[in-house]
Amino acid sequence: KATITANTQKELRKLARQRQETFNLNGQTVHKIIKADTFKELSALWFDTYKPTVKPQTYKATSSLFNKHIIPHLGAIKISKISTPLCQDFVNRAATSGYQEYKNIIALVRRVLQYAVSLQLLPFNPMLNTIVPKVRRDTHAQQKTKYLTQEEVRQFLDYLDNLPSTYVNQYDTILYKLLLTTGL
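Student: Give a description of the nonpolar core that names residues and reports values.
Tutor: Phe39, Trp46, Phe66, Ile70, Val109 and Leu113 are the most contacted members of the largest nonpolar core, which has 30 residues in total. Of the residues forming this core, the biggest block, nine residues, is contributed by helix α5 (residues 102-118). Not counting residues within four places of it along the chain, the set of residues in contact with Trp46 comprises Phe66, Leu108, Arg111, Val112 and Tyr115.

Student: Explain the packing of aromatic side chains residue by residue, including any values.
Tutor: All told, the structure shown has eight aromatic pairs when counted by the stated rule. Summarising the aromatic geometry, the rings of Trp46 and Tyr50 are spaced 4.5 Å apart at their centres and angled 15 degrees between planes, so their arrangement reads as stacked. Separated by four residues within a single helix, Trp46 and Tyr50 lie in helix α2 (residues 39-50), roughly one turn from each other. By relative accessible area, which is 7% here, Tyr50 ends up buried. Where Phe47 meets Tyr59, the ring centres are 5.5 Å apart and the plane angle is 90 degrees; that geometry is what we call edge-to-face. One end of the pair, Phe47, is in helix α2; the other, Tyr59, is in helix α3 (residues 56-74), and 12 residues separate them in sequence.

Calculation criteria
Residues numbered from 1 in each chain as written. Predicted model: local features only at pLDDT ≥ 70, side-chain atom pairs only at ≥ 80, totals over all residues. Heavy atoms only, no water. Core = buried A, V, L, I, M, F, W, Y, C linked by side-chain atoms within 4.5 Å. Buried < 20%, exposed > 50% of the residue type's maximum accessible area, 1.4 Å probe, protein only. Helix = DSSP H or I, 4+ residues; strand = E, 2+ residues; numbered from the N terminus. Contact = heavy atoms within 4.5 Å. Phe/Tyr/Trp six-rings, centres within 6.5 Å; stacked < 30°, edge-to-face > 60°.

Without other data, these values stay purely geometric and don't point to any function.
What follows is the structure in structure tokens.
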């Protein structure tokens, strides 16, 4: 006995026919039950399907990323306990962790949870409802442009003029004067 729900009678009849055909073709409607209780077990199952689709180096890098950034935080959590607030907390921690490629971590977790949905271990992917924060890098503090004052420029030009007259010194003097005048 199976239950089928649909929005209209027409859809209900169509779904019922599809289920009966599936049952007649396969001899059963129940699929093989996948056993995965924790996120770590689920990610191991996902890695089995992921490995043949990528090159060995990509697989190794992804595995390393998982073991370093994802499994320590989500590995022991039961799949049934994974919720949108838990995922949002993980996304926020990943964004503020200082790891520059935090969006890759979030994308991998999203893919693993989507795999859980396809295995019918989760009713929906909780990562789809999360908001990925945009981490602003303080570019002003990191790359503050240094300018020379008029006095420093004068001192530098005096130094260049007092160098011995060799080919290398003349070449350097011309180069530095060009850079100073053009603002490069």
